[in-house]
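Chain residues, written in single-letter form:
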Amino acid sequence: MASSLTKASTGTPGSEKTFFGHPRGLATLFMTEMWERFSYYGMRALLVLYLVSGGAEAATGSQGGGLAMTMATATAIYSVYVAMVYLMAMPGGWFGDRVWGARKTVAIAGFVIMAGHGSLALPGQAAFFAGLALVAIGSGLLKANISTMVGHLYDGPDDSRRDGGFTLFYIGINLGAFIAPFIVGTVGEKVNWHLGFLLAAAGMGIGLVQFLFGTKHLSAQSSVVPNPLSPAERKSLLVKAALVVVVAAVFYGIVISLDMFTLNWALVPITLAGLIIPVAVLVRIKRDKDLDKTEQSKMTGYIWFFVAAAVFWMIYDQGGSTLSLFADGKTSGTVFGLGFPATWYQSLNPLFVMSLAPVFAWLWLWLARKNQEPNTIVKFSMGLVLVGASFFIFIVPMNMASDGTKVTPLWLVSIYMIQTIGELCLSPVGLSVTTKMAPKKYASQMMGVWFLAVTAGDCTTGLLSLAGVDLNGIGIIAMQASLAVAAGFAIFMYRKKVQTLMGGVH
């Protein structure tokens, strides 16, 4: 990292050096996020494969022993876990704004994530589920606040370096995600599952140590609690939290004492909450009488984008579950005679993002100069059609592998690439339109609302799995593909209506 730190020509407050021309604190946040994503995506690459492995492996201990769950249960757990990571981003932002401040919240989050991966490194279901819960909570706390601290490094929205700084930060995210499956995935899948999870904990530990040493380069604003809780609010919150814990403890205590407890008693309520909470949040904002007529109209238009995004993420996030299981069981693990683990497929998405994002940024600018750039609605439609098309293509290798044939890895490479192109059409645009259409009263909270679209999409997948739907079957794959393409065409057909609701936002 030292080679990237150069003397500043104008000087940066609190430091004589810059990080590629940006405030030196960006290096601290870049590395923190890179190592956090390394730990998250490394663990995610192993998660479903660990859940379904077992049998002889578990008996001999040669692989540390998986949990020998069914594909449906593994997919449900994976979907609920990913959904909870994004759901926790909202309370994570709240803690940063009202309790600890962004800097302290990120430091605590790092410890929680590291403890979670450490728990996953221990054998047994109890340690496993405790670890998942800790990683989800910690990731939510960190995700909501570290981006805020990047913004603190610049002199407001008009600082010319701001967009470039966030671009570098985004590279850190994808760099960590790209490297992780090669290290954590390989060790976990080929040597020992729990050793792989331990490497994820070590990655977060490295990120946390450099964050603590590098906090001196961050903005003082990162330590400020913008809207601290009053003593009365703090007391009320503690009472409510204690009441929820007591009710949950009593309820599950009764269920366990009656010998009725199964995994679904935990997964179903969480999944339903992941669907109900996004709807409740949108309804609360939409019914707020403080919003003027224009803001109400924009919120109505935004709901179209929210539902479309939920459909997109429902399919896209199966890259770590449905596609991962297909890679492990039905795809040839060799290219040009060289073998590789199934976890390596999880590096394709970040690789394609880093390769194609600059191309798309140039393409949109080139089309804008020609006055031909697609608007937000058309880009959303493109993203949905592409992610649906990826699952239509997926049906082909699924049919080919139905007789036990191992298909070429190029099928999955093409599917991941198409999904990434869809992501680049929808995800950055979704973030942008969220900030543009947010009512003033909810300007800060609306980014958390955008993340709830991921929660809703993944919880839909989880609920289908828990209901006994085989998400690894050709029929359900075709149904999801049809839903995404139909949603894409529906938004395109009604684009004039949606544009009217958006007011002056384009």
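Residues numbered from 1 in each chain as written. Predicted model: local features only at pLDDT ≥ 70, side-chain atom pairs only at ≥ 80, totals over all residues. Heavy atoms only, no water.

Novice: Even after reading the chapter, I still don't get the overall build of the protein, so can you show me in this structure?
Specialist: Of regular secondary structure, the protein possesses 18 helices and 5 strands. Over its C-alpha trace the protein gives a radius of gyration of 23 Å, about what one expects of a compact globule, namely 23 Å for 506 residues. Dimensions of the protein, computed from C-alpha atoms along their principal axes, come out at roughly 60 × 55 × 50 Å. In the protein, which comprises 506 residues, the proportion classed as buried is 52%. The contacts of the protein with a sequence gap of at least 6 include a subset with a gap of at least 24, amounting to 79%. Only carbon and sulfur atoms are counted for the fraction: they give 68% of the accessible area of the protein, which is about 22,200 Å². Once the 33 positive and 23 negative side-chain charges of the protein are each reduced to a mean point, those two points are 6 Å apart. (Helix = DSSP H or I, 4+ residues; strand = E, 2+ residues; numbered from the N terminus. Rg over C-alpha atoms; globule rule 2.2 N^0.38 Å. Buried < 20%, exposed > 50% of the residue type's maximum accessible area, 1.4 Å probe, protein only. Contact = heavy atoms within 4.5 Å. Areas by Shrake-Rupley, 256 points an atom, 1.4 Å probe, with all protein chains shown as cover. Lys, Arg positive; Asp, Glu negative; His and termini not counted. Charge placed at Lys NZ, Arg CZ, Asp CG, Glu CD.)

Novice: What is the right way to look at helix α14 (residues 376–400) in this model?
Specialist: Within an α-helix, residues lying three or four positions from one another point in the same direction, as the helix has 3.6 residues per turn. Taking 1.5 Å of rise per residue, the 25 residues of α14 would be expected to cover 36 Å, and the 37 Å separating its terminal C-alpha atoms lies within 8% of that figure. The N-capping residue of α14, defined by a side-chain oxygen 3.1 Å from the backbone nitrogen of I377, is N375. (Expected span 1.5 Å × (residues − 1). Polar contact = N/O pair within 3.5 Å; in protein donor to acceptor, adjacent residues only side chain to side chain.)

Novice: Help me understand the packing of aromatic side chains, please; the structure alone is not making it clear to me.
Specialist: Summed over all chains, the structure comprises 27 aromatic pairs. For the ring pair F128 and F129, a centre distance of 5.1 Å and an interplane angle of 80 degrees mean the geometry is edge-to-face. A relative accessible area of 1% means that F128 is categorised as buried. Seen in terms of ring centroids, F340 and W344 are 6.1 Å apart; in terms of plane orientation they differ by 20 degrees. Their pairing is stacked. Site record: aromatic cluster; members linked through ring pairs are Y50, F128, F129, W193 and F197. In this structure, R37 is placed above the aromatic ring of Y40, and the distance from its NZ or CZ to the ring centre is 4.3 Å. (Phe/Tyr/Trp six-rings, centres within 6.5 Å; stacked < 30°, edge-to-face > 60°. Lys NZ or Arg CZ within 6 Å of the ring centre and 35° of its normal.)

Novice: Quick question: what am I supposed to make of the environment of S465 here?
Specialist: Turning to its location among the elements, S465 is positioned in helix α16 (residues 446–466). Each C-alpha atom, one on S465 and one on S414, is 26 Å from the other, the two residues being 51 residues apart in sequence. The contact partners of S465, leaving out residues within four places of it in the chain, are A72, T75, A76 and L471.

Novice: Looking at this structure, I do not really get the packing of helix α3 (residues 71–87) against helix α10 (residues 264–286). What am I missing?
Specialist: Axis angle and axis distance: for two packed helices, these are the angle between their axes and the distance between the axes, and together they describe the pair. Viewed as axis vectors pointing N to C, α3 and α10 meet at an angle of 45 degrees, and their least axial separation amounts to 10 Å. With respect to α10, the element α3 is oriented oblique. Here the hand of the crossing between α3 and α10 comes out left-handed. In this structure, α3 contributes I77, V80, M84 and L87 to the contact, and α10 contributes L267, I270, T271, G274 and I277. For the contact of α3 with α10, the residue count by class is 7 nonpolar, 2 polar and no charged. (Axes fitted to C-alpha atoms, helices over the stretch in contact; angles between N-to-C directions. Parallel < 35°, antiparallel > 145°, perpendicular 65-115°, else oblique. Left-handed = near helix turned anticlockwise from the far one by under 90°. Nonpolar A, V, L, I, M, F, W, Y, C, P; charged D, E, K, R; others polar.)

Novice: I would appreciate a short explanation of the nonpolar core in the present structure.
Specialist: The nonpolar side chains of a soluble globular protein tend to be buried with one another. Core analysis: the largest hydrophobic core is formed by 126 residues, its most contacted members being L29, M43, Y81, F128 and Y302. With 17 residues, helix α1 (residues 25–52) is the single largest residue contributor to this core. Formed by 5 residues, the second largest nonpolar core is a distinct cluster that contains F360, W364, L367 and L424. (Core = buried A, V, L, I, M, F, W, Y, C linked by side-chain atoms within 4.5 Å.)

Novice: Would you take a moment to explain the pattern of salt bridges for this structure?
Specialist: Opposite charge on two side chains allows them to pair when their charged atoms are near. Inspection of the entire model under this criterion finds 3 salt bridges. Residues R37 and E36 are paired through a salt bridge, measuring 2.7 Å at the closest nitrogen-oxygen approach. Each member of the pair, R37 together with E36, is buried. In this structure, the salt-bridge partner of K379 is E373, at a minimum N-O distance of 2.7 Å. Classification of K379 by relative accessible area gives buried; the value is 7%. On the accessibility criterion, E373 (35% relative accessible area) is partly exposed. (Salt bridge = Lys/Arg side-chain N within 4 Å of Asp/Glu carboxyl O.)

Novice: Just to check I follow, could you spell out the packing of helix α12 (residues 322–330) against helix α15 (residues 410–437) for this structure?
Specialist: The N-to-C vectors of α12 and α15 enclose an angle of 165 degrees; their axes lie 11 Å apart at closest approach. One element, α12, and the other, α15, form an angle in the roughly antiparallel class. In this structure, the crossing between α12 and α15 has a hand that is left-handed. Note on element contacts: α15 touches α12 through L412, I415, Y416 and Q419, opposite L323, S324, F326 and A327. The residue inventory of the contact of α12 with α15, partitioned by class, reads 6 nonpolar, 2 polar and no charged.

Novice: Could you clarify how one ought to interpret the environment of A144 in this entry?
Specialist: Among the secondary structure elements, A144 is positioned in helix α6 (residues 125–152). Between the C-alpha atoms of A144 and M447, which are 303 residues apart in sequence, the distance is 8.8 Å. Contact partners of A144, with chain neighbours within four places excluded, come to A89, G92 and G93.

Novice: Sorry, what's going on with a nonpolar patch on the surface here?
Specialist: On the surface, V246, V250, I254, L258 and M260 cluster together to form a nonpolar patch covering roughly 460 Å² of accessible area. Within the fold, V246 resides in helix α9 (residues 231–257). (Patch = residues over 30% accessible without salt bridge, like charges linked within 9 Å, V, L, I, M, F, W, Y side chains within 5 Å.)

Novice: Honestly, the environment of A327 in this entry has me stumped. Any pointers?
Specialist: Mapped onto the secondary structure, A327 falls in helix α12. Residue A327 is classed as buried on the basis of its relative accessible area, which comes to 5%. When the C-alpha atoms of A327 and A484 are compared, they prove to be 23 Å apart, with 157 residues separating the residues in sequence. Setting aside residues up to four positions removed in sequence, A327 forms contacts with A342, Y345 and L412.

Novice: What should I look at first to understand unusual backbone geometry in this one?
Specialist: Phi is mostly negative for residues that are not glycine, and the peptide bonds are mostly trans. Despite not being glycine, A68 has its phi angle at roughly 55 degrees, a positive value. Secondary-structure assignment places A68 in the loop between α2 (56–60) and α3. Overall, A68 belongs to the exposed group, its relative accessible area being 51%. If you check the backbone angles, N371 has positive phi at about 60 degrees while not being a glycine.

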